[in-house]
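Now for the letters of each chain:
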Amino acid sequence: MAESTEVRKLVYLVTGGCGFLGEHVVRMLLQREPRLSELRVFDLHLGPWLEELKTGPVQVTAIQGDVTEAHEVAAAVAGAHVVIHAAGLVDVFGRASPKTIHEVNVQGTKNVIEACVQTGTRFLVYTSSMEVVGPNIKGHPFYRGNEDTPYEAVHKHPYPCSKAQAERLVLEANGREVRGGLPLVTCALRPTGIYGEGHQIMRDFYHQGLRLGGRLFRAIPASVEHGRVYVGNVAWMHVLVARELERRAALVGGQVYFCYDESPYKSYEDFNMEFLGPCGLRLVETRLLAPYWLLMLLAFLNALLQWLLRPLLLYAPLLNPYTLAMANTTFTVSTDKAQRHFGYEPLFSWEDSRTRTIRWVRAMEGSAQ
Ligand SMILES: NC(=O)c1ccc[n+]([C@@H]2O[C@H](COP(=O)([O-])OP(=O)(O)OC[C@H]3O[C@@H](n4cnc5c(N)ncnc54)[C@H](O)[C@@H]3O)[C@@H](O)[C@H]2O)c1
Ligand SMILES: CC(C)CCC[C@@H](C)[C@H]1CC[C@H]2[C@@H]3[C@H](O)C=C4C[C@@H](O)CC[C@]4(C)[C@H]3CC[C@]12C
């Protein structure tokens with residue numbers, strides 16, 4: 001818990017605070033931000049776990065609200081010193097319409113920026129995504145690149161398009177005058193694929209493996225590297241950069257940072273097996289059974305079925321042409337920008353991150369062990 005010697009005077013707002021990443025940010029702030037007096041957790045759907053946080057020294061205020069509603073956002077932001085904007089519609093499976101994705105991710109972010117300007121909140125951290133950069137639609141590899149690596153960022157899919165637009169809005173807002181006359185200081189963090197306790201897609205793969213008799217079938221060549229980062233370290237980066245936005249405004253304001261830690265470079269599936277393997281699943285090599293052209297065909301078939309069935313039901317499997325392209329394109333980062341700019345070091349080693357994630361998978365109902 002936070003040291004009690006520091007004066008508690010800061011009010012933080014976390015949008016999307018009940019999501020996978022948001023919950024970790026909320027818990028991390030309570031543990032590691034000693035100057036916190038009030039923590040506002042804003043989300044469309046509030047989690048029951050918030051109740052247990054209300055007994056500590058920090059006032060935890062749960063706000064059920066929608067980022068697309070400007071007045072709700074303004075009311076939540078008023079009086080906050082720092083906003084961590086992690087709310088977003090994370091959808092690469094075609095569950096939501098492009099319009100809804102745009103409304104939540106772009107209009108929602110505009111609302112957050114305008115609320116900061118109108119109410120006088122000076123510090124804004126935006127949870128962006130690696131997808132603002134890539135993989136691009138041409139499938140170009142991004143091999144251990146950093147924030148300055150040239151890459152042709154071309155987006156078509158609604159989700160990366162929305163994240164790219166929202167990130168640009170946040171960065172352009174850096175320096176805008178907020179109520180009271182002081183400048184707004186903003187930055188954006190770009191996680192790669194986040195994993196850890198609460199990761200829904202890991203849960204889906206685990207249950208799929210159980211249904212298939214403890215097996216998962218390799219679909220992607222092991223040579224394709226996919227960047228992953230532990231949720232606790234992503235949360236820690238948010239807490240640290242939020243703290244440093246005031247002290248190092250000139251350096252950090254208007255900047256983007258990839259989120260990174262010591263997680264190894266591996267293919268998406270091999271990486272998942274780091275956790276699912278010790279929980280009783282095995283990855284079966286199927287290069288002969290499932291060549292890439294077949295996967296592509298299945299992915300397009302899924303997309304066609306989704307379109308045909310849309311009037312009747314929502315068909316949104318994990319495999320579609322976009323997710324296949326993502327999984328099949330090398331995208332990994334290698335950078336120390338966050339360390340140089342605001343002293344970030346991962347809080348959790350790879351061993352810790354792995355152990356914590358395995359413990360969480362094991363605790364899931366119906367463990368294969
Ligand atoms: N999961 C990843 O691998 C990953 C990687 C890079 C970036 N991100 C970004 O991190 C952020 C959090 O992602 P996550 O994985 O925790 O997703 P998540 O879906 O678990 O969390 C998002 C939260 O936002 C809330 N939300 C959605 N629409 C809202 C609205 N209209 N108003 C208020 N709240 C709303 C949801 O209820 C949810 O609690 C997102 O902005 C996402 O783009 C995620
Ligand atoms: C070919 C199939 C068998 C495997 C499909 C895997 C697929 C569902 C995975 C692969 C890569 C994953 C994305 C990646 O980790 C990064 C992000 C960025 C983030 O902003 C949102 C989540 C997302 C898109 C992951 C979603 C699941 C993906 C596509």
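Calculation notes
- Residues numbered from 1 in each chain as written.
- Chains lettered and ligands numbered in written order.
- Predicted model: local features only at pLDDT ≥ 70, side-chain atom pairs only at ≥ 80, totals over all residues.
- Heavy atoms only, no water.
- UniProt positions renumbered as here; feature names shortened; annotations may be inferred.
- Helix = DSSP H or I, 4+ residues; strand = E, 2+ residues; numbered from the N terminus.
- Salt bridge = Lys/Arg side-chain N within 4 Å of Asp/Glu carboxyl O.
- Buried < 20%, exposed > 50% of the residue type's maximum accessible area, 1.4 Å probe, protein only.
- Near = heavy atom within 4 Å.
- Polar contact = N/O pair within 3.5 Å; in protein donor to acceptor, adjacent residues only side chain to side chain.
- Nonpolar A, V, L, I, M, F, W, Y, C, P; charged D, E, K, R; others polar.
- Patch = residues over 30% accessible without salt bridge, like charges linked within 9 Å, V, L, I, M, F, W, Y side chains within 5 Å.
- Areas by Shrake-Rupley, 256 points an atom, 1.4 Å probe, with all protein chains shown as cover.
- 1 Å grid on protein atoms, 1.4 Å probe; cavity = no way out; pocket = protein on both sides within 12 Å on 5 of 7 lines; lining within 4 Å.
- Points joined across faces, edges and corners; volume = space filled by probe spheres on them.
- Core = buried A, V, L, I, M, F, W, Y, C linked by side-chain atoms within 4.5 Å.
- Contact = heavy atoms within 4.5 Å.

Q: Whenever I open this one, the UniProt feature "domain: 3-beta hydroxysteroid dehydrogenase/isomerase" (unreviewed entry) in the chain confuses me. Can you help?
A: On the UniProt side, "domain: 3-beta hydroxysteroid dehydrogenase/isomerase" (unreviewed entry) is annotated at positions that read residues 13-285 here. Annotated as residues 13-285, this span is 37% helix and 20% strand, and its ends, taken at the C-alpha atoms, are 46 Å apart.

Q: What is the right way to read the pattern of salt bridges from this model?
A: For side chains of opposite charge, pairing can occur when their charged atoms come near one another. Overall, the coordinates contain 19 salt bridges when judged by the stated rule. Between arginine 176 and glutamate 114 there is a salt bridge; the shortest N-O distance is 2.9 Å. Residue arginine 176 is found in the loop between helix H4 (158-172) and strand E7 (185-191), and its partner glutamate 114 is found in helix H3 (residues 98-119); the two are separated by 62 residues along the sequence. Among the salt bridges present, the one from glutamate 244 reaches arginine 248, with a minimum N-O distance of 2.9 Å. Taking relative accessible area as the criterion, glutamate 244 reaches 7% and is therefore assigned buried. By sharing partners, the salt bridges in this structure join Glu23, Arg27 and Glu52 into a single network.

Q: Just to check I follow, could you spell out the site of ligand 2 for this structure?
A: As a matter of local geometry, ligand 2 sits amid 18 residues, with Ser129, Glu131, Tyr159, Gly193 and His226 nearest to it. In the model, an oxygen atom of ligand 2 is placed 2.8 Å from a nitrogen or oxygen of the serine 129 side chain. Take glutamate 131: an N or O atom from its side chain is 3.4 Å from an oxygen atom of ligand 2. With 4 residues, the single largest contributor to the shell around ligand 2 is helix H10 (residues 321-327). A class-by-class count of the residues in the shell around ligand 2 yields 13 nonpolar, 4 polar and 1 charged.

Q: Sorry, what's going on with the site of ligand 1 here?
A: Close contacts around ligand 1 come from 25 residues, with Leu21, Asp43, Asp66, Tyr159 and Lys163 the closest. At 3.5 Å, a backbone N or O of glycine 88 approaches an oxygen atom of ligand 1. Mapped onto the shell around ligand 1, the elements with two or more residues apiece are helix H1 (20-32), H4 and strand E8 (193-195). Counted by class, the shell around ligand 1 contains 12 nonpolar, 10 polar and 3 charged residues.

Q: Can you help me understand a nonpolar patch on the surface in this one?
A: A surface patch of nonpolar side chains, about 600 Å² in accessible area, is lined by Leu298, Leu301, Leu304, Leu305, Trp307 and Leu308. As for its position among the elements, leucine 301 is in helix H9 (residues 292-309). Overall, leucine 301 belongs to the partly exposed group, its relative accessible area being 47%.

Q: Teacher, can you tell me more about the layout of surface pockets here?
A: One water molecule sets the probe size; rolling that probe over the atoms shows where empty space is left. Quantified by volume, the second largest pocket comes out at close to 670 Å³. Lining of the second largest pocket is provided by 37 residues; of these, Val92, His157, Asn320, Pro321 and Tyr322 occupy positions nearest its centre. For the lining of the second largest pocket, the element with the highest residue contribution is H9, accounting for 7 residues.

Q: Can you walk me through the nonpolar core in this structure?
A: Side chains of a nonpolar character, in soluble globular proteins, are inclined to be buried together. In terms of nonpolar packing, the biggest core is built from 76 residues, with Tyr12, Leu29, Leu39, Ile84, Leu276, Phe342 and Val361 touching the most fellow members. Among the elements that line this core, the one with the most residues is helix H6 (residues 231-247), at 10 residues. Apart from the residues lying within four places of it in its own chain, the contact partners of leucine 276 are Met202, Phe205, Tyr206, Leu216, Leu281 and Val361. Membership of the second largest hydrophobic core comes to 26 residues, among which are Ile113, Ala115, Cys116 and Val117.

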